Amino acid sequence: MIYLLFVLLALMSATAKMLQKQFTNLSRNVEQAKNVYMLVVSLIAMVFFASMAGWDLRINGLTFVYAVLLAVLSILANLMLLKAMDYADIVTISVYASAGAIVIPFLFGVLFFKEEVSICKIISFFLLLLIVILPLLKREGKERMNFFGYFYSMMLFLEAGGSVMLIKFYSRAESVMNNNVLCFWANVLMLPFVLVMALKTERHSLLYSIKQLSRSTYAVAALSVVVSNASTLLSMYVVGKINLTVYTLLQNPLSLILTALCSWLFFKEKINRQVAFNIVVSMIALLLNNI
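In short, a report on the structure. (Residues numbered from 1 in each chain as written. Predicted model: local features only at pLDDT ≥ 70, side-chain atom pairs only at ≥ 80, totals over all residues. Heavy atoms only, no water.)

Secondary structure summary: the chain contains eleven helices and zero strands in total. In the chain, once contacts between residues fewer than 6 apart in sequence are set aside, the share between residues at least 24 apart is 89%. Accessible area for the chain stands at about 15,700 Å²; split by element, carbon and sulfur atoms hold 67% of it. (Helix = DSSP H or I, 4+ residues; strand = E, 2+ residues; numbered from the N terminus. Contact = heavy atoms within 4.5 Å. Areas by Shrake-Rupley, 256 points an atom, 1.4 Å probe, with all protein chains shown as cover.)

See the structure below:
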């Protein structure tokens, strides 16, 4: 049963990414489309999680603390991403964020939760790291980052792993509210940040950009939010039920494989040698994890 949930989770994650990409394609000529999208995400997410909670949004002290931490991590991720782009290329940034989501939960599960790992799982772990790091090693003409580039990239590394850890600790905590209440209040706390980012006008006002987007574009944005939020709830459920090491070694390769296949199927993106290599290595990692 848990393996079916992993497949469903990976499929939902891939679907959310495809919808986000479609939104980008449809809104390419609208200047503040990303800010509008963030605003739509925040508002729909609050309605989604409130309805899933049965509109019972009472919160206790411990849950509020976790909501604050989750909101802070999400805000820091956005701020660090914007800052990192000033000092590092997108490949480097992606490498650090992906590595954090793999390394921190895996090591934390082994060292602090005393989860047992076999030789096959350790090999699987390093194969996933190889997928993440290889693009950075193969770049040509790459420039050396300065201190700020490494600093902001490392912040993304810590944030990516920290988010998984926070969810795991929440699942083990006693006397906390359900996941829907946590996610609702985290989005409420993030709303002021989203509004500040959205109201930082460029050539056109936010209102003008909102009017420029078509109904179909908003429909795609809304659907992507619903799928993404459902994926979040499912991932929180799965993380709470299994070991961190197992979650890391199953979720990451499955998401990579399904995302690559969906990109090829729906957006006709070519599966080049690098992508094919990543798919093959991911499949090997999955097989090793189940030996």
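And the narrative resumes.
One finds Phe 6, Phe 23, Phe 49, Phe 125, Leu 182, Val 238 and Tyr 247 to be the most contacted residues of the largest nonpolar core, which totals 73 residues. Here this core takes ten residues from helix α1 (residues 2–26), the largest share from any one element. When residues no more than four places from it in sequence are discounted, the contact partners of Phe 6 are Val 238, Ile 242, Val 246, Tyr 247, Leu 250, Gln 251 and Leu 254. Judged by nonpolar contacts, the second largest core, of six residues, contains Leu 39, Ala 71, Ile 75 and Val 194. (Core = buried A, V, L, I, M, F, W, Y, C linked by side-chain atoms within 4.5 Å. Buried < 20%, exposed > 50% of the residue type's maximum accessible area, 1.4 Å probe, protein only.)

The contact between helix α7 (residues 179–198) and helix α9 (residues 215–241) brings their axes to 11 Å, and the two run at 130°. Between α7 and α9, the interaxial angle falls into the category oblique. Relative to α9, the crossing made by α7 is right-handed. Judged by residue contacts, Asn 179, Asn 180, Leu 182 and Cys 183 of α7 engage Thr 232, Leu 233, Met 236 and Tyr 237 from α9. When grouped by side-chain class, the residues that make up the contact of α7 with α9 number five nonpolar, three polar and no charged. (Axes fitted to C-alpha atoms, helices over the stretch in contact; angles between N-to-C directions. Parallel < 35°, antiparallel > 145°, perpendicular 65-115°, else oblique. Left-handed = near helix turned anticlockwise from the far one by under 90°. Nonpolar A, V, L, I, M, F, W, Y, C, P; charged D, E, K, R; others polar.)

Under the defined criterion, the tally for this structure stands at twelve aromatic pairs. Pairing Phe 125 with Phe 126 gives two aromatic rings, centres 5.2 Å apart and planes at 70°, and the pair type is edge-to-face. An aromatic cluster of at least three residues, connected via ring pairs, comprises Phe 108, Phe 112, Phe 113 and Phe 169. When the ring centre of Phe 113 is taken as reference, the NZ or CZ atom of Arg 172 above it lies at 4.3 Å. (Phe/Tyr/Trp six-rings, centres within 6.5 Å; stacked < 30°, edge-to-face > 60°. Lys NZ or Arg CZ within 6 Å of the ring centre and 35° of its normal.)

This paragraph deals with the pattern of salt bridges. Think of it this way: side chains of opposite charge can pair up when their charged atoms draw near. Summed over the entire model, instances satisfying the criterion amount to one salt bridge. In this structure, Arg 58 engages Asp 56 in a salt bridge whose closest nitrogen and oxygen atoms are separated by 2.7 Å. On the basis of relative accessible area, Arg 58 is assigned to the exposed category, the value being 61%. (Salt bridge = Lys/Arg side-chain N within 4 Å of Asp/Glu carboxyl O.)

Glancing now at the side chain of Thr 245. For Thr 245, the position within the fold is in helix α10 (residues 244–267). For Thr 245, the contacting residues outside a window of four places in its chain are Phe 106, Val 110, Glu 115 and Val 117.

Following both chains from N to C, one finds helix α2 (residues 33–52) and α7 inclined at 160°, their axes separated by 9 Å at the closest point. The angle between the axes of α2 and α7 places the two elements in the roughly antiparallel class. Where α2 crosses over α7, the two elements pack in a sense that is left-handed. Here α2 contributes Asn 35, Met 38, Leu 39, Ser 42, Leu 43, Ala 45, Met 46, Phe 49, Ala 50 and Met 52 to the contact with α7, which in turn contributes Asn 180, Cys 183, Phe 184, Asn 187, Val 188, Leu 191, Val 194, Leu 195, Met 197 and Ala 198.

Let us now look at the environment of Val 281. Summarising the element assignment, Val 281 is placed in helix α11 (residues 273–289). Val 281 sits in the buried class, given a relative accessible area of 6%. Counting along the chain gives 24 residues from Val 281 to Ile 257, while the straight-line C-alpha distance between them is 9.8 Å. Setting aside its immediate chain neighbours within four residues, Val 281 contacts Leu 127 and Ile 131.

Our next topic: the side chain of Glu 115. Of note, Glu 115 is situated in the loop between α4 (90–111) and α5 (119–138). Lys 168 is the oppositely charged side chain nearest to the buried, salt-bridge-free Glu 115, at an N-O distance of 5.2 Å. (Lys, Arg positive; Asp, Glu negative; His and termini not counted.)

Turning our eyes to something else, we now look at the environment of Asp 86. Relative to the elements of secondary structure, Asp 86 occurs in the loop between α3 (61–84) and α4. A residue is classified by how much of its surface remains accessible, and Asp 86, at 60% relative accessible area, is exposed. In this structure, the C-alpha to C-alpha distance between Asp 86 and Tyr 152, residues 66 residues apart in sequence, is 9.7 Å.

A few words now on unusual backbone geometry. Notably, Trp 55 is not glycine yet its phi reads approximately 65°, a positive angle. You can see Trp 55 is positioned in the loop between α2 and α3. Residue classification places Trp 55 among the exposed positions, given a relative accessible area of 58%. The backbone phi angle of Lys 114 is positive, close to 55°, even though this residue is not glycine.

Attention now moves to α11. For α11, built from 17 residues, the straight-helix expectation of 24 Å at 1.5 Å per residue is met to within 8% by its first-to-last C-alpha distance of 24 Å. Of all the positions in α11, only Asn 278, Ile 279, Val 281, Ser 282, Ala 285, Leu 286, Leu 288 and Asn 289 are classed as buried. (Expected span 1.5 Å × (residues − 1).)

None of this, on its own, says anything about what the molecule does.
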